[in-house]
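Architecture and fold: a report
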Amino acid sequence: MRKTAFITGASGDIGFAIAKKFAQNNFNLLLQYNITDMAEKTTYLKNSYGIDVKTFKCDFSKIEDIEIFAENIIKLQNIFYNSIDVIINNSGMSLYGLFQDVKNEDINRIFNINLKAPIIITKKLLKFMISKKEGNIINISSVWGETGGSCETVYSATKAGLIGFTKALAKELAPSHIRVNCISPGVINTKMISSFSDSEISALKDEIPMGRLGLPEDIANAAYFLASENAEYITGEVLKVNGGFYL
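Just so it is clear, the model here is predicted, and its values are computed rather than measured.

A few words on the sheet that holds strand β6 (residues 178–185). Spatially, the seven strands line up as an open sheet ordered β3-β2-β1-β4-β5-β6-β7, and their pairing is parallel. Strands at the two margins of the open sheet, each flanked by one partner only, are β3 (53–57) and β7 (238–241). Taking each pair of neighbouring strands and ignoring which way they run, the sheet shows an average axis angle of 15 degrees. The sheet contact formed by strand β1 (residues 4–7) and strand β2 (residues 28–33) spans four bridges and is parallel. If you follow Phe6 over to β2, its bridge partner there is Leu30. Across the face of the sheet, helix α6 (residues 153–173) comes into contact with β5 (135–140), β6 and β7 while running at roughly 160 degrees to β6.

A word on the side chain of Gln32. Relative to the helices and strands, Gln32 is located in strand β2. Contacts of Gln32, omitting those with residues within four sequence positions, involve Ile7, Thr8, Gly9, Ala10, Ser11, Phe56, Cys58, Phe60, Phe69 and Ser91.

Now for the nonpolar core. Of all hydrophobic cores here, the largest spans 35 residues; its most connected members are Phe6, Phe60, Phe69, Ile73, Leu125 and Ile137. Those elements that provide at least two residues to this core are α3 (63–80), α4 (104–132), α6 and β6. Examining the composition of this core, we find that ten residues originate from one element, α4, more than from any other. Ignoring anything within four residues of it in the chain, the contact list for Phe6 reads Leu30, Phe69, Ile73, Ile84, Val86, Ile87, Ile88, Ile121 and Leu125. One finds Leu31, Met38, Ile188 and Ile219 within the second-largest nonpolar core, a separate group that totals 31 residues.

This structure, assessed with the given rule, holds seven salt bridges. Measuring nitrogen to oxygen at the nearest pair gives 3.0 Å for the salt bridge that ties Asp13 to Lys191. One end of the pair, Asp13, is in helix α1 (residues 13–24); the other, Lys191, is in the loop between β6 and α7 (198–207), and 178 residues separate them in sequence. Looking at Lys191, the relative accessible area reads 59%, which means it is exposed. Of the charged contacts, one joins Asp85 and Lys132 as a salt bridge, the two residues approaching to 2.5 Å between their closest N and O atoms. Taken together, the residues Asp85 in the loop between α3 and β4 (86–89) and Lys132 in helix α4 connect sequence positions 47 residues apart. Residue classification places Asp85 among the buried positions, given a relative accessible area of 11%. For Lys132, a relative accessible area of 25% corresponds to the partly exposed category. Each of the salt bridges in this network shares a partner with another, and the network as a whole consists of Glu67, Glu71 and Lys124.

Bringing α1 into the picture now. Here α1 is twelve residues long and its end C-alpha atoms lie 17 Å apart, about the 16 Å a rise of 1.5 Å per residue gives. Buried within α1 we find Ile14, Gly15, Phe16, Ala17, Ile18, Ala19, Phe22 and Ala23. Close packing links the buried residues of α1 with β1, β2, α2 (39–49), β4, β5 and α8 (216–227). Phi turns positive one or two residues past the end of α1, at Asn26, with a value near 70 degrees.

Rules used throughout
Residues numbered from 1 in each chain as written. Predicted model: local features only at pLDDT ≥ 70, side-chain atom pairs only at ≥ 80, totals over all residues. Heavy atoms only, no water. Pairing = 2+ DSSP bridges. Helix = DSSP H or I, 4+ residues; strand = E, 2+ residues; numbered from the N terminus. Axes fitted to C-alpha atoms, helices over the stretch in contact; angles between N-to-C directions. Contact = heavy atoms within 4.5 Å. Core = buried A, V, L, I, M, F, W, Y, C linked by side-chain atoms within 4.5 Å. Buried < 20%, exposed > 50% of the residue type's maximum accessible area, 1.4 Å probe, protein only. Salt bridge = Lys/Arg side-chain N within 4 Å of Asp/Glu carboxyl O. Expected span 1.5 Å × (residues − 1).

Below you can see the structure in the form of structure tokens.
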């Protein structure tokens, strides 16, 4: 039976690369997005790989919307799928600026999207994995969640929280044969850095021992590895995908 992967933030560069990687490996997909429309990408995935793809728009900055969204996913999986085999919490937003200038409403928004949404959604969907005693949960954190980023203090706090969530849940779910891991991307070539100048990009490359920015596909490959049988004895891990930027 074909497995199912649930991926949040699927319309972004990294999210779509992850969706494509799992589609290439014959997974059905449940994809969350918010701003960028998924129609064209959904058609591409279906036509290219012959899988079933269902998409859902939800604004994770609103807690009540997250709760409703998770309930709808539960109903859908009961109707169409035997279970959700892989949960990938990828959605996120950045927040750049001096900490003293950050507004309280922006703090609430980034915590809802980056940390509360993964926790709430995972809690709702977990029962299906527990009942069959197998499954994979993969959280996408950030290098700044490990080492902290100047002028990205709140963002760093949310991504550090995601790492703590990963490690604690991995211990709790290991007896149920459910693995929980985290990916910590470094500087990835996505729309998030599109505003950077050529000189800023060059300076970033100089800081990376491997001499290049990461690609969304680098994160997708790591996610698929962690979900595969090749990683069946790995849980609670924070997998750095950063080209040596932070070790």
